[in-house]
Every structure is written in structure tokens, then in C-alpha cells.
Amino acid sequence: MFDHAYGSYMKYAYPADELMPLSCRGRVRGLEPNRGDIDDSLGKFSLTLIDTLDTLVVLNKLDEFEDAVRKAVKDVRLDNDVVVSVFETNIRVLGGLLGAHVMADLLRQRGDRMQWYQDELLHMAKELGHRLLPAFNTTSGLPYPKVNLRYGVLNPLSRTGTESDTCTACAGTMILEFAALSRMSGESVFEEHARKAMDVLWDRRQRGSDLVGTVINIHNGEWVRRDSGVGAGIDSYYEYLMKAYILLGDNVFLERFNIHYSAIMKYISQPPLLLNVHMHNPTVSVRSWMDSLLAFFPGLQVLRGDLKPAIETHEMLYQVTKQHKFLPEAFTTEFRVHWGQHLLRPEFAESTYYLYKATGDPYYLRVGQSIVEKLNAYARVPCGFAAVQDVRTGAHEDRMDSFFLAEMFKYLYLLFSEKSQLPIDIDDYIFTTEAHLLPVSLSTTKPPSYKFCLTVEEDLFTHSCPSTETLFPNNPSFAKTIRDSYKYLTGVGRAFRPLPVREIELPLHDNGMEPVEFLKSMGISLTPLNELFSKYESLQEHKGVYRVKLVAEVSQTAEEEEVVPHVVQLISPPFLGRTVLTAGPAKFGMDLSKQEHGVKGSIVKASPYTACGPIDNTVELKGRIALALRGDCMFAAKARRLQEAGAIGVIFIDHREGSNSEETPLFQMVGDGDSTEDITLALVFLFSREGAVLTAALEEHHNVDVLLLPKERQLGHEKHVGMNIKLRLAEEGELEEGAARGPTLEFVLEKDEVLLQEEELGEERQSQQQQKFCAKATENDRTEPCSADSSQTPNSGPNTNP
């Protein structure tokens, strides 16, 4: 599988940053349609190659590794005039260079290969570190989210530096790579900046709950988004606190991690769920769905030595993958799809690996086997592996992110390998969040002592923690006992077993789902009466069996609600209503179904395009309809900003390349959990392909007017009535008797304008007269001009009487 993925990248894409596995070519930034912030990972530095280098060593592909290092040293440039994400460039490129340098140095020291290597990758890492440093030039010490590799941040040519916010993970996921770079290069400046950013996040935690928010202002340290969880936006901040202690041996990181961890287990962990809460009021859940990035957390809990909740959450995630083939990008607390995308993310495989190493339970090998089988069955394509656009439809997306090669294959290969089969001692290294290998020998103090567990000499896990000897003495069923209570969590695989029916009265006079969902959460399932009695006919006389009467009107759940299609209709020239794009509605904002004529306006791209920061082009947006790219923050947050900027409507465009309304089910955009009554502008959602039509129209014609309204009311959609009209020529006043009853349509041909031809006229003369008739009729009656072959009408044959 790795050979197929890596081979396809090298054959079809290198030296591009990424492989487009459906197109069988490389993705070069600027040459492909802009995907917004997704493209901030791409820096024209052969991203996938750099990210994959140390995976080649783990998989014992040492010849390929040596060849790839030569290519990286010879071909990769780090001074490109391109704006990149500081976070992504750090974990993927800087981490990739450092991990590869560590491997190259190890192989060189062994003496059998890489003898030519002169620390070139370390020099490249140092250069990249200096190119990332300008991002830390803020009053708070928190880094800017983006940097220009050539011009930094505040240079007039940098095209960045206007951002005011960054995510917690973006600022708090630098310490491993920057500290390793400082200790390998002897330049302390990198570690100092990364520590300062960690200190700020710690100082800005909510002192009452010890939780942090998701987005923070880099200038004043104020929280911009106060929801707190362990998934997207925060995830690797917690991971790097724990791993910084392991790598660097500094107890400060462990103490901070333990305080945060206690808060997570108190407020966010609701086994087997991990739910976002409000950092200032942590007893309140702020959303009813989870994102797939939290799948890393059971692995972190294993490092912490807290196995029971790790097993519980992992089992829940496994049940979700059984139900949907892959872990959807987001799923509800009832395990339905919230966002259907699956980007081949490795976090679930990562936690599976950690749990297998901690428990030795072969169950986790079977979980790994299912990951492998699903990837081969549903993601493998002729030129690599393709992300899944929607797990419900199985449609592919033309992307294979570099983390698929950097992490997924590393964790799966390690899961199925014996330590003796690996070319390195894996226990001598810590994994970064991108699974790059950094040696724990970098610690300036003695190796950290794991206070929460004991290790046993000569044990399989001598340097790893926790030890199976201490956690599961003579109790191999420990993990199974925990898992079994979550075995049928999503309903998949549950067999029906008749049980005695006990008396229960349910007076649920309600149109909503709340009472029914509440009962579900208590483990009470409801069955229609007719189904119930067919199952229990044999039990009718059984003592303790009662009839159940359910008085309830149950409406459809939110996921099953019918979505009313809307449209974006282009009405300005040259489109004139002929271009109609199918759009999804929103559950908040203006109800377009109640607007008689919809909402009309000119379209303007928001700046920034994601509308997740302060809006720069408020003057242009005033009274217009804004275009905004999906992603980075909630729809409601974008809508509020654009409403404040004076927009009368917003068209959100999907950032998932290739998505379209024909292959992907329409959905209704939802709010952010808070009240959305303040949002009053019109809101619709276009998938990527329809959005591309709109943005292309804007680029070509600059001034494009559109109409937003329900599909059934689009312009030109009225029903047309057909009519047959019979014509005959007659002398004036010669109408048949009775023909004038009712409406009459009369054509009068004036004799001085039209010459009726005798059949003796030659064909050429007849043609000229026919053209004369056409011209005269056009001039007087404004009818359509005749076609080029008007003379060859059915009545112009040689034997007809005109």
C-alpha cells in the first residue's frame, strides 16, 4: 500500500507538494483552483517528499530513503515567495527535515550507508526555522498564523501580517520541533520562542476551569472562541505539553498537562464521548457533535497511563467506523454523519497502535486490519489513495494529503511489526504530532521518570509506558470487559433478543424529538405497537407482560428533515437568468421562502475569503451579496462579520474541491450553538463545483447580479401554455361564416407590399421576391429575420400554387 501511494507521488507529482490521485498529477499552488486556507500547507517545497522521509526508514526502505534525501537536498528550496501556515509548515516540513536528519545521522554512524551525508537536512531545517521566526514578532509572543517564506510577516511584500487570531493548537504545537532544532543546532532562539508561546497559553487559561479556548487574539491574548474540547483547534496543544515533558525532561510541562488533564476528565470527558464545553461555564456543552481529530486522544491517554477512558473512547470511534466505513470529519452524539468528508486522517490508527502496545490485546490488530481493508476497498485508486468526499456516497476527492504517508503507514506498519523487524529501536524516540521521530536523548536532564507507572527490565516495553505487567497482572480480559459495554453503541451488529415487556406509560404530547431522544439516552428504545405485538405474540399470557401505549407525535429528526433546495440565479448580462446554481439553505438568518421575490444583489468576494477575521473590504460589501469560503470558523461567525460589514446576503462556497450538488446530498447550514436571532441576512450554500461557476463569472465580468431564492420560485420557471394557430390566406372580408365567434387573430397582407408569385416565374426570380417579402415583413412587423434558406419553404417547390 505504501509503495502504491509513495510510488504514485514520485511518478506523477514530484516535485509538486501533493499528489492529485484522481487526476494523476501534482498539485502546484497557483496552478490549481484556490482552496483557501487548505492550500496554506503548500509552499512549493515538495511537501509530501519531506513529510515522508523518516517513514521510509521505519518501513526499512533504506535505499529509497537515501535516494529521497539526495533529491530533497538537491531540489527543495525554502525561500519561495509564498504565504504558508506556520503550524503546518512546522509540523510537516521542519519536523520532516529533523526526523529525516536524525535517521540519516543514525545510518551514517552505523557506517554502511549515507557516508556522503554532511548534515544537509539539519542546515535546511535551520534555514526554515529562521524563515518561521518572524511570525513570533508580536507583543504577546503568540505567533502569527501565516508567514511568507521569503518576506516574513510585516514586509510590504509579504501579503500577510493582517491576521489578528490564531488557534490554540497553532500557537501551542511548536515546542517539540523548535526545541529539537535549538538543541541540534546550538541556537537557543527557537526553543525560547516556542516556550514563550506555551507560557502565554497557560497564563490565558480560564483559572476557574483550567480549560483553554479554541481561538485566541495574538496581540492582546484575549479569547476569540471560548469553546473548549480536545479536537480541532486545541488537540495538539495538550499533546505537546505531555510530549515536551517526555522529550525535554522538564517537569513544568508535565505539571501543566496534569492540571489540564484533570479539567478535561472533569468537564469534557463523558465516556465514551468527548464533548466541547464553554471554557467559562464548563458544565454547558456547546455542540452536539464531535470532530475526527479527537481520535488522537485515546493514544495520549495511553501515554498518560489512563487506559480505561482510552479504551472506552477508542471503542466508540471503532463503532462509528463500522457504521460509516471511515470516521467522518464530524459526527453527532448519536453517531450520525455531521460532516461526511474523510481525508484519510491517521488519528484513529495512531490510537489503535498505542492501545495495542499498551495492552497486547490482539483485538487491536483486528481493528488495524479493518482500517487496512477499508482503505484498499474504498480509497485506493489507480494513482494512489483518494480522500473520501462523503462517507455516505463514497464519492472521492482529488487529494492525498502528505500526512497520509507521514503518519498512517507509519502507525499501521508499527502496529503489525515486531520490534526486532525494525531498523531502529522505536522506544528511543517520541512521535511529533505528524509522527516524525525525535530522540528522547535530546533531554538536557536525566530521562523523565514516569511517576504514573513502573517499567520492568527486559520486558517487551522496557522504555515504554505504561507497562502491561503493572496494569494487567494476570488479567488479559481487562480491556475486553471495558469494551463490551460499548459493543453495540451505534446499533451496528446488535441481534434482536426477545425480552419480557414491562409496564410503562409514556404521555409524550410533543411535536419535537426531545422526549424520545431523552428516553434513548436512558437506554429505552421505542417500538410501534403493531411491530411489538407481532414479536411478543407468544408471550401474551406470560406473567409480567403488559401492553404498551405510546401517546406521542414524533417529528422527523434534524438529520432527516427535508432540505428545500434553493438557487443562486445569475440575472445580469450575459446570463439573464439562464445560469441557475443549486444551493442549500440555512436554518438561521432570513427565511427566503417568505420573501416573495427573493434577495437580489451584486456579488463581492469577502476579504479574507473565509470571513473568519476582521473584514477588510467593508466598503465594497455594503449593500452587496458576499462570497465566503467554508472552513476555519462556524457559518454563524462568518455571517455575523459580513452582516456587520453591511452585506445583504452571503453565498458560502464549499472548500472541499470537486464537491457538487449532484453527488453530495444538500444540507441545511446550522448555527454555532448560541442564539442566531441577531443574524437577519440571506444565507445559502454552494458546493465547490457550483461555486467555481460563480467565481469564474465574477472574474470574467466583474459586475455580476444574482438572485437568491427557493428553487421552485426561480425566474423563468413559470409554466408555459402551448397554443396551436391555424393560418389561411383569404381575400379581405371573405372570412368563413361563424369563424369570427370568440377571439380572432387576423393577418392582413397589403397588396402593394407583398407580391404573390405566379408559378410561371423562374426559380431565381421567385427566390428574390421571397427575400423581398422577408425584408419588408421584418421592417414593418418586427418579426424575426428570415433564415438563409427561407426560399426553400415547403410552399416554394416548382409545382405548388403560392
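Residues numbered from 1 in each chain as written. Predicted model: local features only at pLDDT ≥ 70, side-chain atom pairs only at ≥ 80, totals over all residues. Heavy atoms only, no water.

- In the nomenclature of an unreviewed UniProt entry, the protein chain corresponds to alpha-1,2-Mannosidase from the organism Seriola dumerili.
- The record held by UniProt for the protein chain lists under Cofactor (unreviewed entry) the comment "Ca(2+)".
- The annotation that UniProt attaches to the protein chain under Sequence similarities (unreviewed entry) is "Belongs to the glycosyl hydrolase 47 family." (UniProt positions renumbered as here; feature names shortened; annotations may be inferred.)

1. Description of the packing of aromatic side chains
Then comes step 1: Throughout the structure, instances matching the rule amount to 27 aromatic pairs.
Then comes step 2: An angle of 45° between the planes, with centres 5.4 Å apart, marks the rings of Tyr237 and Tyr238 as tilted. For the pair Tyr237 and Tyr238, a shared accessibility class is recorded, and that class is buried.
Then comes step 3: Ring geometry for Phe296 versus Phe297: centroids 5.9 Å apart, planes at 75°, classification edge-to-face. Both residues of the pair, Phe296 and Phe297, belong to the buried class.
Then comes step 4: Aromatic rings pair up to connect Phe2, Tyr6, Phe385, Phe404 and Phe409 into one cluster.
Then comes step 5: When the ring centre of Trp289 is taken as reference, the NZ or CZ atom of Arg287 above it lies at 3.8 Å.
Then comes step 6: Between the NZ or CZ atom of Lys605 and the centre of the ring of Tyr609, over which it lies, the distance is 4.7 Å. (Phe/Tyr/Trp six-rings, centres within 6.5 Å; stacked < 30°, edge-to-face > 60°. Buried < 20%, exposed > 50% of the residue type's maximum accessible area, 1.4 Å probe, protein only. Lys NZ or Arg CZ within 6 Å of the ring centre and 35° of its normal.)

2. Focus on the pattern of salt bridges
Then comes step 1: Applying the stated rule across the entire model yields 44 salt bridges.
Then comes step 2: Its salt-bridge partner being Arg92, residue Glu88 comes within 3.0 Å of it at the nearest N-O pair. With a gap of 4 residues between them, Glu88 and Arg92 both fall in helix α4 (residues 86–110), about one helical turn apart.
Then comes step 3: Overall, the relative accessible area of 3% leaves Arg92 in the buried class.
Then comes step 4: The shortest N-O distance in the salt bridge between Glu187 and Lys126 comes to 3.8 Å. Of the two residues, Glu187 sits in the loop between α7 (175–185) and α8 (189–203) while Lys126 sits in helix α5 (residues 120–132), which places them 61 residues apart along the sequence.
Then comes step 5: Look at the salt bridges and you will find they share partners, linking Glu18, Arg27, Arg35, Asp39 and Glu657 into a network. (Salt bridge = Lys/Arg side-chain N within 4 Å of Asp/Glu carboxyl O. Helix = DSSP H or I, 4+ residues; strand = E, 2+ residues; numbered from the N terminus.)

3. Side note on the nonpolar core
Taken as a class, soluble globular proteins show a tendency for nonpolar side chains to be buried jointly.
Then comes step 1: Ranked by size, the top nonpolar core spans 160 residues in total, and within it Phe65 and Leu375 carry the most contacts.
Then comes step 2: The element contributing the most residues to this core is α4, with 12 residues.
Then comes step 3: With near-sequence residues (within four places) excluded, Leu375 lies in contact with Met1, Phe326, Leu344, Arg380, Phe385, Phe404, Met408 and Leu412. (Core = buried A, V, L, I, M, F, W, Y, C linked by side-chain atoms within 4.5 Å. Contact = heavy atoms within 4.5 Å.)

4. Some remarks on the state of the cysteines
Then comes step 1: Counted by the stated rule, this structure contains 3 disulfides.
Then comes step 2: Each sulfur of the disulfide joining Cys612 and Cys633 lies 2.0 Å from the other. Here Cys612 and Cys633 share a disulfide; its torsion about the S-S bond, -90°, makes the bridge left-handed. Pair noted here: Cys612 is in the loop between β26 (599–605) and α20 (618–621) and Cys633 is in the loop between β27 (625–629) and α21 (635–644), with a separation of 21 residues, a long-range link. (Disulfide = S-S within 2.5 Å.)

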